[in-house]
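Working through the structure, step by step
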Amino acid sequence: MATPLLKSGPEPASQADEPTSPVARFEVDAPLAMDAGVDLAPWQIAYQTAGTLNAERSNAVLVCHALTGDQHFANTHPVTGKDGWWERLIGPGKPVDTDRYFVICANVVGSCMGTTGPASINPATGRAYGLDFPLVTIRDMVRGQAMLLDRLGIKDLFLCIGGSMGGMQVLQWAASYPERVFAAMPIATGARHSAQNIAFHEVGRQAILADPNWHGGRYLDVGTRPAKGLGVARMGAHITYLSEPALHRKFGRRLQDRDAPTFSFDADFQIESYLRHQGITFVERFDANAYLYLTRAMDYFDLAADHGGVLANAFRDTRTRFCIMSFTSDWLFPTADSRAIVHALNAAAAPVAFVEVESDKGHDAFLLDEPAMISAAKGFIAAAARERGL
Ligand SMILES: CC(=O)SCCNC(=O)CCNC(=O)[C@H](O)C(C)(C)COP(=O)(O)OP(=O)(O)OC[C@H]1O[C@@H](n2cnc3c(N)ncnc32)[C@H](O)[C@@H]1OP(=O)(O)O
Ligand SMILES: N[C@@H](CCO)C(=O)O
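Residues numbered from 1 in each chain as written. Chains lettered and ligands numbered in written order. Predicted model: local features only at pLDDT ≥ 70, side-chain atom pairs only at ≥ 80, totals over all residues. Heavy atoms only, no water.

1. Details of the nonpolar core
Among the nonpolar cores identified, the biggest contains 79 residues, and Ile-104, Met-141, Trp-173, Tyr-291, Leu-303 and Phe-315 are the most heavily contacted of them. Looking at which domains feed residues into this core, each of domain 1 (24-194 + 303-388) and domain 2 (197-296) supplies at least three. If near-sequence neighbours (up to four positions away) are discounted, Phe-315 is found in contact with Leu-171, Ala-174, Leu-303, Phe-322, Ala-344, Leu-345 and Ala-348. Counting 36 residues, the second largest nonpolar core, distinct from the first, contains Trp-86, Met-185, Ala-384 and Ala-385. (Core = buried A, V, L, I, M, F, W, Y, C linked by side-chain atoms within 4.5 Å. Buried < 20%, exposed > 50% of the residue type's maximum accessible area, 1.4 Å probe, protein only. Domains from an automatic or database assignment. Contact = heavy atoms within 4.5 Å.)

In structure tokens:
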């Protein structure tokens, strides 16, 4: 028997006739104690749910989104009009089956889709926080999600799942709240951000900081936006989400709408036109300061460093069963990063499966149609559900 769920914010009339409920948000009563030493208050968290919580409250799934993702995992995005970003994996009859599980996804703290972040109003000044917002960590994001689950009356999760920065949150969940995670599936991620990844983030941030419209982070006060800087940051980052074979397959050296080069700096090549498009469309949906903060949160993530330099120590108390997944062409979070997590889990005597998916799609393969990812996720989740008696 399903029980209705207590929610604040705009509520669906009935979850039964809504495959995915509208976004809800709640103003959290308690401050968010952040690693930067700041108690963030007031603050709010925006989230989306799908499915129904069972009477035992044992079928909750937390989906953790990636760097520029949000809570719109299974519904049309309000800004882009695109399908939910994980509809391939989540929905009725899908591996994360919304006919069986109650699925929650919350916009992370520091982002810009309804949860408090640098574009939110600072009550102390009446203006957007800008750079007065405290630095955010992956652990802060997870702490905020735990407060949301407390509010929803969910003591423990059946499954915690996410890719990239979402995978970092999954690992942090297992480390911070071992008793609250039954099964975990971190995908295309690492237990720490590599020097190369920090380097790419730094280039993107410098593009934003160098944009005269950034105004020291106060662009909202003066009614401008550092669109050029943010667009360039996304163009550079987007290359890291793909792979050389995928770029060759999709674009090769083909020219864009012309038969010969123009001998100018116009977008002669399809790949240039494509990247410009990715930069422009990103700016329409994302806040530049939020991009600075969230890339920094990923840079600071180092689970071993938080546990005496030994990654296995992060999982010593775990009762969670894990499925770690990587993609062969992911050069941002290569398989070696996943293997290091598997080895740490082995050392911590944790049950762990390891799946390396053959794919030429690069890091963002986890967002795309990868049948081997879908079937492995389906199998792992079904086995965990059996163990859980779901
Ligand atoms: C996990 C989360 O939380 S979600 C994360 C946030 N979301 C994202 O990062 C999604 C954005 N990323 C993408 O779209 C990535 O490109 C991918 C890799 C995931 C998508 O891959 P694909 O589905 O293969 O799409 P593809 O990379 O070909 O891009 C398609 C877009 O490029 C455009 N495009 C393709 N070729 C060209 C070209 N030559 N010139 C200009 N534009 C082009 C298409 O028109 C399409 O535009 P639209 O997205 O505005 O409709
Ligand atoms: N492309 C995804 C994953 C990046 O890690 C995003 O922008 O969030």
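2. Considering the environment of Ala-199
With respect to the helices, strands and loops of the structure, Ala-199 is situated in helix H3 (residues 195-209). Relative accessible area serves as the criterion here: at 41%, Ala-199 is assigned to the partly exposed category. Through-space distance from the C-alpha of Ala-199 to that of Arg-316 is 31 Å; in sequence the pair is 117 residues apart. (Helix = DSSP H or I, 4+ residues; strand = E, 2+ residues; numbered from the N terminus.)

3. Focus: the UniProt feature "active site" (unreviewed entry) in the chain
UniProt marks Ser-164, Asp-330 and His-363 with the feature "active site" (unreviewed entry), using the numbering shown here. Across 200 residues in sequence, these annotated residues keep their C-alpha atoms within 10.7 Å of one another, forming a single compact spot. Its location among the elements puts Ser-164 in the loop between strand E11 (157-163) and helix H2 (165-176). With a relative accessible area of 6%, Ser-164 lands in the buried category. The residues contacting Ser-164, other than those within four sequence positions of it, are Ala-66, Ile-187, Ala-188, Thr-189, Met-298, Phe-333, His-363 and Phe-366. Mapped onto the fold, Asp-330 is located in the loop between strand E13 (321-327) and helix H9 (335-347). Setting aside residues up to four positions removed in sequence, Asp-330 forms contacts with Ala-188, Gly-362 and His-363. Here Leu-332 takes part through its backbone nitrogen, which lies 2.9 Å from a polar atom of the side chain of Asp-330. (UniProt positions renumbered as here; feature names shortened; annotations may be inferred. Polar contact = N/O pair within 3.5 Å; in protein donor to acceptor, adjacent residues only side chain to side chain.)

4. Observations regarding the pairing of E13
Within E13, 7 of the 7 residues are buried, which leaves it mostly tucked inside the rest of the structure. Where burial is concerned, the two faces of E13 agree: the one with Arg-321, Cys-323, Met-325 and Phe-327 and the one with Phe-322, Ile-324 and Ser-326 are both buried. Pairing geometry for strand E12 (residues 181-187) and E13, over 3 bridges, is parallel. The residue bridging Ala-184 from the neighbouring strand is Phe-322, located in E13. Note that E13 and strand E14 (residues 352-357) share 6 bridges and pair parallel. Across the sheet, residue Ile-324 finds its bridge partner in E14, namely Phe-354. Handedness of the crossover is the feature at issue here: the chain leaves E13, passes through H9, returns alongside E14, and the resulting connection is right-handed. (Pairing = 2+ DSSP bridges. Right-handed = clockwise from strand over helix to strand, strands pointing away.)

5. Focus on the site of ligand 1
Taken together, 22 residues lie around ligand 1, and Lys-82, Gln-256, Ser-273, Tyr-274 and His-277 are the ones closest in. Separating an oxygen atom of ligand 1 from a side-chain N or O atom of Lys-82 is a distance of 2.6 Å. In this structure, His-277 approaches ligand 1 through a side-chain N or O atom, which is 2.7 Å from an oxygen atom. Computed on the free molecule, ligand 1 has an accessible area of 1,000 Å², of which 68% lies beneath the protein chains in the complex. The two domains that each donate at least three residues to the shell around ligand 1 are domain 1 (24-194 + 303-388) and domain 2 (197-296). (Near = heavy atom within 4 Å. Areas by Shrake-Rupley, 256 points an atom, 1.4 Å probe, with all protein chains shown as cover.)

6. Re the site of ligand 2
Near ligand 2 you find Ala-66, Leu-67, Thr-68, Gly-69, Ser-164, Arg-234, Tyr-241, His-363 and Asp-364, and these make up its full shell. Between ligand 2 and Leu-67 there is a distance of 3.3 Å, counted from an oxygen atom to a backbone nitrogen or oxygen. Taken by itself ligand 2 offers 260 Å² of open surface, and the protein chains cover 95% of this. Split into classes, the residues belonging to the shell around ligand 2 amount to 3 nonpolar, 4 polar and 2 charged. (Nonpolar A, V, L, I, M, F, W, Y, C, P; charged D, E, K, R; others polar.)

7. Description of the pattern of salt bridges
In total, this model carries 18 salt bridges according to the counting rule given. In this structure, the salt-bridge partner of Arg-180 is Asp-150, at a minimum N-O distance of 2.9 Å. Linking Arg-180 in the loop between H2 and E12 with Asp-150 in helix H1 (residues 138-152), this pair joins segments that are 30 residues apart in sequence. Residue classification places Arg-180 among the buried residues on the basis of a relative accessible area of 11%. The shortest N-O distance in the salt bridge between Arg-388 and Asp-156 comes to 3.0 Å. Of this pair, Arg-388 sits in helix H10 (residues 371-388) while Asp-156 sits in the loop between H1 and E11, and the two are 232 residues apart along the sequence. A cluster of three or more residues bridged by salt bridges with shared partners is formed by Asp-35, Arg-139, Asp-140, Arg-143 and Asp-306. (Salt bridge = Lys/Arg side-chain N within 4 Å of Asp/Glu carboxyl O.)

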